[in-house]
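Analysis of the macromolecular model
What follows is each chain in one-letter form.
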Amino acid sequence: MDLSVTIGSLRLKNPLIAASGCFGYGVEYADVVDLSSLGAIVSKGLFLREREGHAAPRIVETPAGMLNAIGLQGIGARRFVEEKLPELRARGATTIVNVCGTTLDEYVEVSRILSDAEGVAAIELNISCPNIKEGGIQFGCSLTGTFDVVSAVRKATRLPLIPKLTPNVTDVASFARASEDAGADAVSLVNTFLAMVIDVETRRPKVSNVVGGLSGPAIRPIAVRMVHECRQLVKIPIIGMGGIADARDALEFMIAGANAVQVGTANFVDPFIWSKLLDGMTSYLERHQIARIGDLVGTVNATTIGRA
Amino acid sequence: MPVDVAAPVIANRALSDDYNVLALAAPPIAAQAAPGQFVMVKASNGADPLLRRPFSIFEVLRDQQGSPTGVSILSKRIGVSTRLIYDARPGQTVACLGPLGRPFTVVDSPGEAWMVAGGVGLAAFATLAEALRARRVATTLFYGARTGRELFYLDFFRALGVELVLTTEDGSVGEAGRVVAPLDRLLASRPSSSRVMLYACGPEGMLAATARVASKHSRPCQVSVERIMGCGLGGCYSCVVPMKSDTGGFHHVRSCISGPVLAADQIVWD
């Protein structure tokens, strides 16, 4: 049984990746998870400088999901290299860094810093955070913005480059195409859906930032559809995510066209989820007599049934 | 090291229409628990409700030989998840992850310990009181609630030899008003040579008021904060508290791993 997958030049021992913003810097989970047992981990978003993020309350639960507006609190790229990477290396984690910026130059500089550091396996380019005023989603919601930032970072790094796409656009596949055209090695999708929850008693929003990003099982069918659409349009690998909570969910994304998957919100509910996902995926492959999990990718039979 | 236990419900004791104490069989959590730590609890399978909820470890349960067998949580019914906890029945299992967070620093005799509890904030103090009394520390519980019917476990604390100062907002039991008033008064009457450690857990306003009173009387104060929490392990950055920074500003710390017990004089209170 071969669970390994490749994302460009990056080989992962299995397709399970801890999603950015849902796994701290990885080291927080070292007591409960063997970090080397995951395909990879993605760091919390890294800017050039430290950021404090938004005031609490930062999350609210929603039907089968949650809305967050953390505001990309973080220690910045240099402190990450000094304080977190050594332990991640020592624990055998495959570390993908999530690179953020408020300007194109900042994306490039952060990517340079992290490309020079020992133990970074790939760069996930965060052009999709819905919770900050400048940067991020501004790039990710414009085709030229996406092309320009991916192109600029492409020139600054040899590491596998993986733009993380927002679902808050009409046609996410065109953004995958723009990323591919700009030299991306893969794309990851989806980031969270911009959303809002109001307390009807107080008439106040339930997160301090007023709006936030929706994640969890509630968004999964939309995310699966978006992965399927991107698979039709681009050749580069896709890392799928959005509400994966068990092995079947992960397999669904892969059948839709994802070469690997990220798990975020479900890790909050069950930090021991990873071995359960691996077991479930392995038994599925056995039952269906599939030797390599890569053979499952994009195998959905999407022939429409009947006529309109 | 935290463990996740599918914990069978041993007992569920309703204290009122809103409050209950849920006893869960979880030996590996009970064996590690320290006063002030918490567990992340989910009383249903499936995605709605989705996330676990944080609860102070209220009691550490033991068998007749004294071996730890489980933990209990004190819950107030305010939403869907706490309704499930209120309605849980023996035989059912509840996902229970813990112990989590940094515990209280337990003082030694001849120091004194004054615990300040508001409402469901009492939950942090049963195991702390046991630890303090095991060290023969003179311990007082200042305990405020809306009404006398919502003052719970008084006999438990009395049996440990804890002195009680009770307040209710409706004046039905103890002094009428808020719990911080007698705290302020009694602190003012103590000689400054005495060593008093304050511990506080309860609503945010009560914690801020306790912090002010502690500062006014130059007493150290450990508060156990309550925040909306996503994971309990430092992964999600939901549960932050603004703490004073060296530069005169603030920085956000995650109350799940840097707390829930924090130094009151380091918090930037609103």
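All values derive from a computational prediction rather than experimental measurement. (Residues numbered from 1 in each chain as written. Chains lettered and ligands numbered in written order. Predicted model: local features only at pLDDT ≥ 70, side-chain atom pairs only at ≥ 80, totals over all residues.)

1. Notes on the overall build of chain A
Broken down by element type, chain A carries nine helices and 16 strands. A compact globule built from 308 residues would reach a C-alpha radius of gyration of about 19 Å, and chain A, at 18 Å, matches this within 12%. Summarising its shape, the C-alpha atoms of chain A cover approximately 50 × 50 × 40 Å along the three principal directions. Considering chain A as a whole, with its 308 residues, one finds that 57% of them fall into the buried category. For chain A, long-range pairs separated by at least 24 residues make up 71% of all intrachain contacts whose partners lie at least 6 apart in sequence. (Helix = DSSP H or I, 4+ residues; strand = E, 2+ residues; numbered from the N terminus. Rg over C-alpha atoms; globule rule 2.2 N^0.38 Å. Buried ≥ 20, exposed ≤ 12 C-beta atoms within 10 Å, placed from the backbone. Contact = placed C-beta atoms within 7 Å.)

2. A few points about the nonpolar core
I17 and V261 of chain A together with V39 and M115 of chain B are the most contacted members of the largest nonpolar core, which has 194 residues in total. Setting aside chain neighbours within four positions, we find I17 of chain A in contact with L38, G39, A40, I41, V42, I239, A260, V261 and Q262 of chain A. (Core = buried A, V, L, I, M, F, W, Y, C linked by C-beta atoms within 7 Å.)

3. So, the sheet that holds strand β2 (residues 19–25) of chain B
Sheet strands pair via backbone hydrogen bonds, and the direction of the pair is either parallel or antiparallel. Residue and element names in this part refer to chain B. A sheet is described by the order of its strands in space; here seven strands give the open sequence β4-β3-β7-β1-β2-β6-β5, paired in antiparallel fashion. Sheet topology places β4 (53–56) and β5 (59–62) at the edges, where each strand pairs with a single neighbour. Between one strand and the next, the sheet's axes are offset by a mean angle of 40 degrees, whatever the strand orientation. Looking at chain direction, β2 and strand β6 (residues 68–76) are connected through seven bridges and run antiparallel. Pairing of L24 across the sheet is with V71, part of β6. (Pairing = 2+ DSSP bridges. Axes fitted to C-alpha atoms, helices over the stretch in contact; angles between N-to-C directions.)

4. Thoughts on the sheet that holds strand β9 (residues 138–145) of chain B
Residues and elements named next belong to chain B. Sheet architecture is open: seven strands sit in the order β11-β10-β9-β8-β12-β13-β16, paired in mixed fashion. Each end of this open sheet is capped by a strand with a single partner; those strands are β11 (175–176) and β16 (261–263). Sheet analysis places strand β13 (residues 221–224) next to β16, joined by three bridges and oriented antiparallel. Counted as the bridge partner of S224 is V261 from β16. Here helix α3 (residues 126–134) sits on the sheet and contacts β8 (112–118), β9 and β12 (196–201); the angle it forms with β9, its principal contact strand, is near 160 degrees. In this fold helix α6 (residues 204–216) packs onto β8, β12 and β13, with an angle of close to 175 degrees to the strand it touches most, β13.

5. Focus: the environment of E124 of chain A
Residues and elements named next belong to chain A. Mapping E124 onto the fold places it in strand β8 (residues 122–126). Among the residues examined, E124 registers 27 C-beta atoms within 10 Å and is labelled buried. Along the chain, E124 and T265 lie 141 residues apart, while their C-alpha atoms are 18 Å from each other.

6. Examining helix α9 (residues 273–287) of chain A
Residues and elements named next belong to chain A. Compared with the 21 Å implied by 1.5 Å per residue over 15 residues, the 21 Å span of α9 between its first and last C-alpha is a close match. Within α9 the residues assigned to the buried category are I273, W274, L277 and M281. Taken end-on, α9 shows its buried residues confined to a sector of 100 degrees, consistent with a single buried face. Opposite the packed face of α9, turned more than 90 degrees from it, sit the exposed residues S275, D279, S283, E286 and R287. Where α9 ends, the next residue or the one after it, Q289, has phi of about 55 degrees, a positive value. (Expected span 1.5 Å × (residues − 1). Arc of directions from axis to C-beta.)

7. Examining the domain arrangement of chain B
Residue and element names in this part refer to chain B. Assigned domains within chain B: domain 1 (3–100) and domain 2 (112–266). Centre-to-centre, using C-alpha coordinates, domain 1 lies 22 Å away from domain 2. In this assembly, 22 residues from domain 1 lie in contact with 19 residues from domain 2. Mapped onto the side of domain 1 that touches domain 2, the elements with two or more residues apiece are β3 (38–42), β4, β5, β6 and β7 (93–100). The class makeup of the residues in the side of domain 1 that touches domain 2 is 16 nonpolar, three polar and three charged. (Domains from an automatic or database assignment. Nonpolar A, V, L, I, M, F, W, Y, C, P; charged D, E, K, R; others polar.)

8. Focus on the packing of helix α4 (residues 143–156) of chain A against helix α5 (residues 172–181) of chain A
All names here are of chain A. Contact geometry for α4 and α5: axes closest at 8 Å, N-to-C directions at 30 degrees. Accordingly, the angle class assigned to the pair α4 and α5 is roughly parallel. Relative to α5, α4 is oriented so that their crossing is right-handed. Between α4 and α5, the contacting residues are L143, T146, F147 and V150 on the first element and S174, F175, A178, S179 and D181 on the second. (Parallel < 35°, antiparallel > 145°, perpendicular 65-115°, else oblique. Left-handed = near helix turned anticlockwise from the far one by under 90°.)

9. Here we look at the pairing of β6 of chain B
Residues and elements named next belong to chain B. Across four bridges, β5 lies against β6 in antiparallel orientation. From the neighbouring strand, E59 faces β6, where its bridge partner is S72. Taking the residues that link successive antiparallel strands as the turn, the β5-β6 hairpin has five residues, and the phi of G66 there is positive, at about 90 degrees.

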